[in-house]
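# Structure assessment
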Amino acid sequence: MAELLFETYGVPSVAFGVDAAFSYTYNQRLGICNKEGLAVCSGFNTSHVIPFVEGEPVFEACCRTNVGGYHVTDYLKQLLSLKYPQHMSWLTWEKVEDLKMEHCYIAEDYAAEVNLFKNGTKEAEEKTRCWQLPFTPSPVEEQPSEEEIARKAAIKERQGQRLREMAEAKRASRINELENEQRGLEFLLRQLEKVEEHDIPAFLSDTGYVSKQEIEAALAKVTQSLRKAKREQVEMEEKEDATKAENFPLVDIPDNMLTPEQLKEKKKQIFLKATTEGRQRARQKRMDEEFQREKQNQLEEEKRLENPELYLEQLRVKYTELSEKVDQKKRLKTNGNNTNGNHTSGGVGRGERLNAAQKERMRLLTTAAFDRGKGEDTFGARDEDWQLYKLMSRDNDDEDEGPDEDETELTRLSSRLQEIDPTFAPKLESGAYQSSDAPRARPLTEEDFQIKLGVERFRCPEILFNPSIIGIDQAGLDEMVGVSLRRFSPKGRGLEEKLTNSILLTGGSCLFPGMSKRLEAGVRMIQPCGTPIRIIRAKNAILDAWRGASSYASSLQFPEQAFSKMDYYEKGEDWLRGYKFKYTQ
């Protein structure tokens, strides 16, 4: 510093001093503190405790910690950034510094204050501060009036009626075209009956058809399309099934009484009869299931109307129990049944996860491999050997036994809950919500743009007394006072009492509310009982150091205590290291 000032800027003389000493001397002159006392200065990067005896600083007994206001601000910025990552752009260093100076305080009892916020008491809510960020609410859509709803419903009904009329007109036009085509084909067939066999190609040359069979196929196709257009398909299928059920005369006749052609026809009739009966059984089963579902839905609707809240609660409980049951089944199916009570690391073995069919296939594969290793390989010489492939086929697994009843019931309960409870969201196997059924993101509100300072208000300044919170293994302010006092122990108890009777707080980080009480409580714990302790604050903790240095520079003794450029060149920089100055009173 001296080299820079003398050789670069050419200053005539220089004097060095300590800011805490200048502040203490200035406040001593104002009568705020005594000649013997302690200057506790917590600045931007460091904190110092400097004892004063007879108005002179005793630097041999001072104590320093590399913790200051910078670390408090940085810690507060980290906590708020972790708590509100969506508002990182607002948490600038300057703004966090303002929040620290405006809202932070020193807790007299840190543990009790933490428990206060942990329990969420009313006092903790009162101590919480809120910073409201700029927020512009999204425009709220006004609910349409009853007249508007009625008007839209009428427009929708008219549009629907117009579409129905257009569809009906199109259907009528289609039916008319098909009927004309059908009449034309029937007329062509009637005319064709009057034509000789050898004159048929000449007669059909102008019609676009080649043979009578082609005309009959076209007529059948047109007739079928006409039935569909007239919505007669369901009735015709039922009539066709009834007709087919009655047109199986060869089924009950013994084979020895039939000719070869009749035997072929009998096989066809047996196949058609089985198909028809199967279709009828399936239709009847669907009708029965539909009837049961309607009956069950009707009973549940009666229960819901009787007590909606109780019904919803019962439905939710049933859904939860059934969901757990299905999940348990799937876990057992995946991991196997570990009923022996021994849980091995890494899960169960492969054999415990196989069902009966898979275990049988594995046994057959092992047996076949073992037999092939014995002597001559004769596998496949017998027809029974090839039966082994059928037994080992994966198609024989009974794993896919159709939908499970519990899963079907769970799906039904899920659909029912979605109908009556808009907040319900079914779960996937992993426990996550389906994307299509997930709750919609709620609109942002004013509370989403608030930064609340609760425990951070006293947690961040606490590092001045407990630097280990941020990983710095050094002493706090109260412990630094004890270290500085112990260095005066050879001089007796009387001097310690004088020092503790005038403890001056200076520096910007000493402006936190509660600093005096907390420091007094900390010093009282390390001093003997009855020791007089007086904590006083500097008149201006930030500017008193400059004012003290200004008074020192304007005094008559300043030229004598400063060293000039000539001294620097004659005595060198080593002399500066041993330089000491006298503070003027």
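First, a word on scope: everything that follows refers to the structure included in this document. (Residues numbered from 1 in each chain as written. Predicted model: local features only at pLDDT ≥ 70, side-chain atom pairs only at ≥ 80, totals over all residues. Heavy atoms only, no water.)

### Quick word on the overall build of the chain
Rules: Working definition: helices are DSSP H or I runs of at least four residues, strands are E runs of at least two. Numbering for both runs from the N terminus. The contact rule is simple, with two residues in contact once any of their heavy atoms fall within 4.5 Å. Note on areas: these come from Shrake-Rupley sampling with a 1.4 Å probe, and a residue is covered only by the protein chains present in the view.
Broken down by element type, the chain carries 23 helices and 10 strands. Within the chain, contacts between residues separated by at least 24 positions form 67% of all contacts whose residues are at least 6 apart in sequence. As displayed, the chain offers around 39200 Å² of accessible surface, 52% of which is attributable to carbon and sulfur atoms.

### Details of the pairing of strand β8 (residues 503–506)
Note the cut-off: Each residue's exposure class comes from its accessible area (1.4 Å probe, protein chains only) as a fraction of the maximum for that residue type: buried when under 20%, exposed when over 50%, partly exposed otherwise. Any two strands are treated as partners once DSSP identifies two or more bridges connecting them. When the strands point away from the viewer and the path from the first strand over the helix to the second turns clockwise, the crossover is right-handed.
The alternating pattern of β8 places Ile-503 and Leu-505 on one face and Leu-504 and Thr-506 on the opposite face, and all of these are buried. The sheet contact formed by strand β2 (residues 37–42) and β8 spans four bridges and is parallel. The residue bridging Cys-41 from the neighbouring strand is Thr-506, located in β8. Where β8 and strand β9 (residues 535–537) come together, three bridges link them in parallel fashion. Bridge pairing in β9 links Leu-505 to Arg-537. Crossover handedness for the path β8 to helix α19 (residues 515–526) to β9: right-handed.

### Thoughts on unusual backbone geometry
At Glu-54, a residue that is not glycine, the phi angle is positive and equals roughly 55°. Within the element layout of this structure, Glu-54 appears in the loop between β3 (47–53) and β4 (56–57). Classification of Glu-54 by relative accessible area gives exposed; the value is 54%.

### As for a nonpolar patch on the surface
Threshold: Only residues above 30% relative accessible area that lack a salt bridge enter a patch, with like-charged residues linked at up to 9 Å and the nonpolar side chains Val, Leu, Ile, Met, Phe, Trp and Tyr linked at up to 5 Å. We define a salt bridge as a side-chain nitrogen of Lys or Arg found within 4 Å of a carboxyl oxygen belonging to Asp or Glu.
Residues Met-1, Leu-4, Tyr-9 and Phe-16 make up a contiguous nonpolar surface patch of roughly 460 Å² in combined accessible area. The topology assignment puts Phe-16 in the loop between β1 (13–14) and α2 (19–29).

### What to know about the packing of aromatic side chains
For any pair of aromatic rings, the description rests on two quantities: the centre-to-centre distance and the angle between the ring planes. Using the following cut-off: Note on aromatic contacts: the rings of Phe and Tyr and the six-membered ring of Trp form a pair at centre separations within 6.5 Å, being stacked when their planes are under 30 degrees apart, edge-to-face when over 60 apart, and tilted otherwise. Placement of a charge over a ring requires the Lys NZ or Arg CZ to be within 6 Å of the ring centre, with the centre-to-atom vector within 35 degrees of the ring normal.
Taken as a whole, this structure holds 13 aromatic pairs when the rule is applied. Taking 5.8 Å as the distance between ring centres and 40° as the angle between the ring planes, the aromatic pair formed by Phe-22 and Tyr-552 counts as tilted. Of this pair, Phe-22 sits in helix α2 while Tyr-552 sits in helix α20 (residues 544–553); the two residues are 530 residues apart in sequence, bridging distant segments of the chain. On the basis of relative accessible area, Phe-22 is assigned to the buried category, the value being 9%. Seen in terms of ring centroids, Tyr-568 and Tyr-569 are 5.4 Å apart; in terms of plane orientation they differ by 65°. Their pairing is edge-to-face. Grouping aromatic residues by their ring pairs yields a cluster made of Phe-6, Phe-16, Phe-563, Tyr-568 and Tyr-569. A cation over an aromatic ring shows up here: Arg-518 above the ring of Phe-465, its NZ or CZ 4.7 Å from the ring centre.

### As for the pattern of salt bridges
In this structure the tally under the stated criterion is 15 salt bridges. Of the charged contacts in the structure, one is a salt bridge between Glu-409 and Arg-412, with a shortest N-O distance of 2.7 Å. Taken together, the residues Glu-409 and Arg-412, both in helix α15 (residues 405–420) and three residues apart, mark about one turn of the helix. For Glu-520, the salt bridge identified is with Arg-524, shortest N-O distance 3.0 Å. Pair noted here: Glu-520 and Arg-524 are both in helix α19, with a separation of four residues, about one helical turn.

### Here's the deal with α19
To be explicit about the condition: Helix span, as expected, comes to 1.5 Å for every residue beyond the first. The directions from the helix axis to the C-beta atoms form the arc being described.
Taking 1.5 Å per residue, 12 residues should reach 16 Å; α19 reaches 17 Å between its end C-alpha atoms and fits that length. Taken together, the buried positions of α19 are occupied by Met-515, Arg-518, Leu-519, Gly-522 and Val-523. Seen end-on, α19 carries its buried residues on one side only, within an arc spanning 125°. Relative to its buried face, α19 has exposed residues pointing more than 90 degrees away, namely Lys-517 and Met-525.

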